[in-house]
Amino acid sequence: MMDNTSWMTIYPEIVLLVMACVIALADLFVKSPKRTATYALTLLSLGGVAWLNAMYADAGQTVYGFGHLVVSDPMGHWLKCFAAIAVMVTLVYSRPYAADRDMLRGGELFSLSMFALLGMSVMISGQNFLVLYLGLELLTLSSYALVALRRDNGQATEAAMKYFVLGAMASGFLLYGMSMLYGATGSLELAAVLKAIASGQVNHQVLVFGLVFIVAGLAFKIGAVPFHMWIPDVYQGAPTAATLLIGGAPKLAAFGIMVRLLVEGLLPLAIDWQQMLSFLAIGSLLIGNLAAIAQTNLKRMLAFSTIAQMGFVLLGFVAGVINGQTTLAANAYSSAMFYIVGYVLTTLASFGIIMLLARQGFESEEITDLAGLNQRSPLYAGVMAVCLFSLAGIPPMVGFYAKLAVLQSLVASGQGFYIGLAIFAVLMSLIGAFYYLRVVKVMYFDEPVTATTVSADADVRVVLSLNGLLVLVLGMAPGALMALCADAIARMLAV
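Computed from a prediction, not measured in an experiment: that's the story for all the values here. Within each chain, residue numbers correspond to sequence positions counted from 1 in written order. Reporting in this predicted model follows two pLDDT cut-offs: at least 70 for local features of residues, and 80 or more for side-chain atom pairs to be given and counted; totals over whole chains, interfaces and linings ignore these cut-offs and use all residues. Each side-chain value is worked out from all heavy atoms of the structure, with water and hydrogens disregarded.

## Regarding the overall build of the protein chain
Part 1 of the argument: On a plain count of helices and strands, the protein chain comes out with 21 helices and two strands.
Part 2 of the argument: Taking 495 residues into account, the globule formula puts the C-alpha radius of gyration at 23 Å, and the protein chain, at 22 Å, falls close to it.
Part 3 of the argument: Burial analysis of the protein chain (495 residues in total) assigns 61% to the buried set.
Part 4 of the argument: Only heavy atoms matter for contacts: two residues are in contact if any of them lie within 4.5 Å across the pair. Counted over contacts in the protein chain with a minimum sequence separation of 6, partners at least 24 positions apart contribute 80%.
Part 5 of the argument: The Shrake-Rupley method, run with a 1.4 Å probe sphere, supplies the accessible areas, and residue values consider only the shown protein chains as cover. For the protein chain, the accessible surface area stands at approximately 18,100 Å², while carbon and sulfur atoms represent 68% of it.
Part 6 of the argument: If you average the places of the 23 positive and of the 24 negative side-chain charges in the protein chain, the two averages end up 4 Å apart. Only runs of H or I of at least four residues qualify as helices and only runs of E of at least two qualify as strands under DSSP, and these elements are numbered from the N terminus. Here the globule rule is a power law, 2.2 Å times the number of residues to the power 0.38, and the radius of gyration is based on C-alpha atoms. Burial classes: relative accessible area under 20% of the type maximum marks a residue as buried, over 50% as exposed, and values in between as partly exposed (1.4 Å probe, protein chains only). Note on charges: Lys and Arg go in the positive column, Asp and Glu in the negative column, and His and the chain ends are not counted at all. Positions of charges follow a simple convention, taking NZ of Lys, CZ of Arg, CG of Asp or CD of Glu.

Okay, here's the thing in structure tokens:
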């Protein structure tokens, strides 16, 4: 029989699971074509889960439950809080878009989003290989269904098939890597694996062999080169609502599972996985930025942009352990956490604008579709410009400070290779600025291709305005969020 402490570690997940089931059942009795009641109940549930996680995170305690299967710590709860908010914002942006495309015939969009968030929460909280894998599969299976939600759309079906086939392969990589580590260390628990590796009694070649498969699986989930092939096709082919659901909040979960596996479980192998991540980061920054220049489809351009942005996140992991010392670890990992939070915030607003501009029977996906947006709606053009400036790393947006924090963590190492990586990242950011600024030029200086006015529901208008404002404010005053990330990572490392 489990004690109350164990159950306390998963209260947010229990609430999320119960409400997901309640919403799935209650939706059977909803007759409104816009699923207004289902939508309201979902937002209320997600708000409660976010608040609960924030309360747990604010308590600052690290508690293990169910025999070290899960952990309740500030880093995990903040990531889960931000993920819940990201899913809330995504659904606010998505409902008008989904209603116009007959995606609300049932409440699958809402219930699948809840189950996807549950998968993210399990991924972030896991302290055992099987628990981490369970969370990952719950997220990915929900994501496959979300991409295929427009059953009568050939593009969406093709994207879902590609995502499913490649995702299954990546899950196999990750599971095989975990099985190799289990065979080498004799344990599925991260703390025991860490202890076994640190003892020096385990065959190093077997560990590195398993590590290669784990890194490959993780690289696929975040879309790093050379495991990026699914991102442009899936982002472009999926309904934009589904694109945001797989391109926003899950990035926070991907960061969480990377910290759990690589830092909490495999830190003694840092010299090995840091080298792997270095090459993944170089490839992602190079191919992501160069390929994005050639794109005319906005969603496809943002997909290659995502690949480049994930390269920066990987750089945050690269500089954590120097010459066997972890003195820079808290600074490096907290900069990566800040970067991923800032990136998700920016991604929400940018895809929110794309959905806002779409009309029934028309997808506003080409860069030329944004021509003259400033003349049609200065507010939404301004929000999109703020997001693009942030992604490009132009001050005073949050993206600039995020890039600066990661670069500082590299330079602080004092190692020539890491300083070279920082210089390379800056050069790639300069290249990346071109395709972001090209979109701004189209919005402000090209003639409109349509005279259609841009209108939005009140909730979308308010949330989108706040979203754009946060991208600006967190860049001008990043101290609070940076301190939150630093404290969360420091507490995680201190355990």
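The rest of the description comes next.
## Some details on helix α17 (residues 378–392)
Part 1 of the argument: Its 15 residues place the ends of α17 21 Å apart at the C-alpha level, agreeing with the 21 Å of an ideal helix rising 1.5 Å per residue.
Part 2 of the argument: Burial of α17 is extensive: eleven of the 15 residues sit out of reach of the surface.
Part 3 of the argument: Tyr380, Ala381, Val383, Met384, Ala385, Val386, Cys387, Leu388, Ser390, Leu391 and Ala392 are the residues of α17 that are buried.
Part 4 of the argument: Each element contacted by the buried residues of α17 is listed here: α14 (298–318), α15 (329–357), α16 (373–376), α18 (398–411), α19 (416–445) and α20 (458–476). To estimate how far a helix should reach, multiply one less than its number of residues by 1.5 Å.

## Some remarks on the packing of aromatic side chains
Part 1 of the argument: Planes of paired rings set the category: under 30 degrees apart is stacked, over 60 is edge-to-face and the rest tilted, where pairs are Phe, Tyr or Trp rings (Trp by its six-membered ring) whose centres lie within 6.5 Å. Enumeration according to the criterion identifies 17 aromatic pairs in this entry.
Part 2 of the argument: Considering the side-chain rings of Tyr144 and Tyr163, the 5.0 Å spacing of their centres and the 90° angle between planes classify their relative orientation as edge-to-face. Separated by 19 residues along the polypeptide, Tyr144 in helix α6 (residues 129–147) and Tyr163 in helix α7 (residues 154–185) bring together distant segments of the chain.
Part 3 of the argument: Centroid distance Phe312 to Tyr339: 5.5 Å. Interplanar angle 10°. Geometry classified as stacked. Here Tyr339 lies in helix α15 and Phe312 lies in helix α14, a separation of 27 residues in the sequence.
Part 4 of the argument: A residue is classified by how much of its surface remains accessible, and Tyr339, at 3% relative accessible area, is buried.
Part 5 of the argument: Following the ring pairs from residue to residue traces out a cluster consisting of Tyr144, Tyr163, Phe164, Phe220 and Trp230.
Part 6 of the argument: Just above the ring of Tyr39 sits the side chain of Arg95; from NZ or CZ to the centre is 4.1 Å.
Part 7 of the argument: Put simply, a charge is over a ring when the Lys NZ or the Arg CZ is close to the ring centre, within 6 Å, and near the line of the ring normal, within 35 degrees. The aromatic ring of Phe312 is capped on one face by Lys403, whose charged end is 5.0 Å from the ring centroid.

## Side note on the packing of helix α4 (residues 74–100) against α20
Part 1 of the argument: To obtain each axis, a line is fitted to C-alpha atoms, and for helices this fit is confined to the stretch in contact; angles are then taken between N-to-C directions over 0 to 180 degrees. α20 packs onto α4 with a crossing angle of 140° between their chain directions and a minimal axis gap of 10 Å. Judged by the angle between their axes, α4 and α20 are oblique. For the pair α4 and α20, the crossing hand works out as left-handed. Counted together, Val89, Val92, Tyr93, Arg95 and Pro96 of α4 and Asp459, Val460, Val463, Leu464 and Asn467 of α20 form the full contact between these two elements. Should an angle fall under 35 degrees it is called roughly parallel, over 145 degrees roughly antiparallel, and 65 to 115 degrees roughly perpendicular, with every other angle called oblique. Two helices crossing with the near one rotated counterclockwise from the far one by less than a right angle form a left-handed crossing, whereas a clockwise rotation gives a right-handed crossing.

## Quick notes on a nonpolar patch on the surface
Part 1 of the argument: In this scheme, patches are assembled from residues that exceed 30% relative accessible area and form no salt bridge. Like charges are connected within 9 Å, while nonpolar side chains (Val, Leu, Ile, Met, Phe, Trp, Tyr) are connected within 5 Å. Here a salt bridge means any side-chain nitrogen of Lys or Arg lying within 4 Å of a carboxyl oxygen belonging to Asp or Glu. A cluster of nonpolar side chains, contributed by Trp7, Met8, Tyr11, Ile14, Val18 and Val22, occupies part of the molecular surface with about 510 Å² of accessible area.
Part 2 of the argument: Contributions of two or more residues to the nonpolar patch are made by α1 (4–9) and α2 (11–26).
Part 3 of the argument: A total of four residues in the nonpolar patch trace back to one element, the largest contributor, which is α2.
Part 4 of the argument: Examined against the element boundaries, Val22 turns out to sit in helix α2.

## Observations regarding the pattern of salt bridges
Part 1 of the argument: One pass over the full model with this rule turns up ten salt bridges.
Part 2 of the argument: One salt bridge connects Lys441 with Asp446, and the closest N-O pair in it is separated by 3.1 Å.
Part 3 of the argument: In this structure Lys441 comes out as partly exposed when scored by relative accessible area, which is 42%.
Part 4 of the argument: With relative accessibility at 22%, the residue Asp446 sits in the partly exposed group.

Nothing here speaks to function; it is geometry throughout.
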